[in-house]
Amino acid sequence: MYDESFMYGKECLRFLNELVRNACAVSDFDDLLDREQFSMVEKIKTIGATFMAASGLDPASRLKDSHEHLFQLMEFAFALQGAIENFNAHMLSFRFILRIGYNFGDVTAGVIGTNKLHYDIWGDAVNIASRMDTTGVANQIQVPVNCVPILGQRYNLERRGTVFVKGKDNMDVYLVKDRIPKKDEKIDAIPPDDRQAT
Ligand SMILES: Nc1ncnc2c1ncn2[C@@H]1O[C@H](COP(=O)(O)OP(=O)(O)OP(=O)(O)O)[C@@H](O)[C@H]1O
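So, a few notes on the structure that sits alongside this text. Source: prediction; values computed, not measured. Per chain, residues are indexed from 1 in the order of the written sequence. Since the coordinates come from a predicted model, pLDDT governs what is reported: local features require at least 70, and pairs of side-chain atoms require 80 or more to be given and counted, while whole-chain, interface and lining totals use all residues. Heavy atoms throughout the structure, all of them, feed into the side-chain values; hydrogens and water do not.

### Considering the environment of Ala79
Short version of the rule: In this description a helix means any DSSP run of H or I spanning at least four residues, a strand means any run of E spanning at least two, and both kinds are numbered starting from the N terminus. Remark: exposure states derive from per-residue accessible area (1.4 Å probe, protein chains only) relative to the maximum for the residue type, with buried under 20%, exposed over 50%, and partly exposed in between. In this analysis, two residues are considered to be in contact whenever any of their non-hydrogen atoms come within 4.5 Å of each other.
Mapped onto the elements, Ala79 comes out in helix 3 (residues 68–89). Residue class for Ala79 comes out buried when judged on its relative accessible area of 16%. Each C-alpha atom, one on Ala79 and one on Asp28, is 9.3 Å from the other, the two residues being 51 residues apart in sequence. If near-sequence neighbours (up to four positions away) are discounted, Ala79 is found in contact with Leu32 and Phe38.

And the structure:
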């Protein structure tokens, strides 16, 4: 845990900056975005200690009738967890806790104003993603129930219960635990000799 008031917030800023573009972690948040496997994922902004990303905003790069951009975003969330683990392994005095909120749905994307331009996204889907984070669990990825049919195709999800979401009342929420292994992954994990014996 860190204290935002320590050294007037300077230490907090330094750590967050190191985390987002640091030299000691194996893969920092911004570097992850350069990877081909996250080609549809975009950083929107950081808000305080929150890192906001979206996927599939460019309809041209989205594969038709595919949920690949949604899986990419979930894989990105896993990669962030890995980056935090790496980062924490270099820390002696404290550990960062990462809480992730995830949602999908229609959004409006654009820029407001004429100076200090900033690309942003809006909509119910964004508000709910934000609430999935704020009502979430330390070191876990929380998603609303509407994500389950699609994410359940690739990930093991555990029902957490209901959380109160402003403007939505109580929402059913799930925690994304891990990937469902692919069939051939299981076979490959068994050494050839053992495979004959079973
Ligand atoms: N583009 C965005 N960037 C940052 N935060 C966002 C964005 N869109 C939505 N949020 C956040 O999502 C949350 C949910 O928004 P909602 O419209 O439900 O409530 P609100 O009345 O705006 O929230 P509050 O009064 O609690 O700040 C808010 O905390 C809002 O700051």
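So, next bit.
### Digging into the nonpolar core
For the record, the criterion: Side-chain atoms within 4.5 Å are what join buried Ala, Val, Leu, Ile, Met, Phe, Trp, Tyr and Cys residues into a set we call a nonpolar core.
Judged by nonpolar contacts, the single largest core of 36 residues is most densely connected at Met74, Phe76, Tyr102, Ile141 and Val143. The set of elements that each furnish at least two residues to this core consists of helix 1 (10–20), helix 2 (29–32), helix 3, strand 6 (141–144), helix 5 (148–151) and strand 8 (169–179). Broken down by element, this core gets its largest block of residues, 12 residues, from helix 3. Non-local contacts of Val143, meaning those with residues more than four positions away in its chain, are made with Met74, Tyr102, Met132, Leu151, Leu157, Asp172, Val173, Tyr174 and Val176.

### Remarks on the sheet that holds strand 3 (residues 100–101)
Using the following cut-off: By this definition, two strands are paired if DSSP reports at least two bridges between them. Only the stretch in contact is used when a helix axis is fitted, and all axes are lines through C-alpha atoms; the angle between N-to-C directions ranges over 0 to 180 degrees.
Ordered in space as 3-6-8-7, the four strands form an open sheet in which the pairing is mixed. Of all strands in the sheet, those bounded by a partner on one side alone are strand 3 and strand 7 (155–165). With 10 bridges connecting them, strand 7 and strand 8 associate as antiparallel partners. Within strand 8, the residue paired with Leu157 across the bridge is Val176. Relative to the sheet, helix 3 contacts strand 3, strand 6, strand 7 and strand 8, its axis offset from that of strand 8 by approximately 70 degrees.

Coordinates in, geometry out; function isn't part of it.
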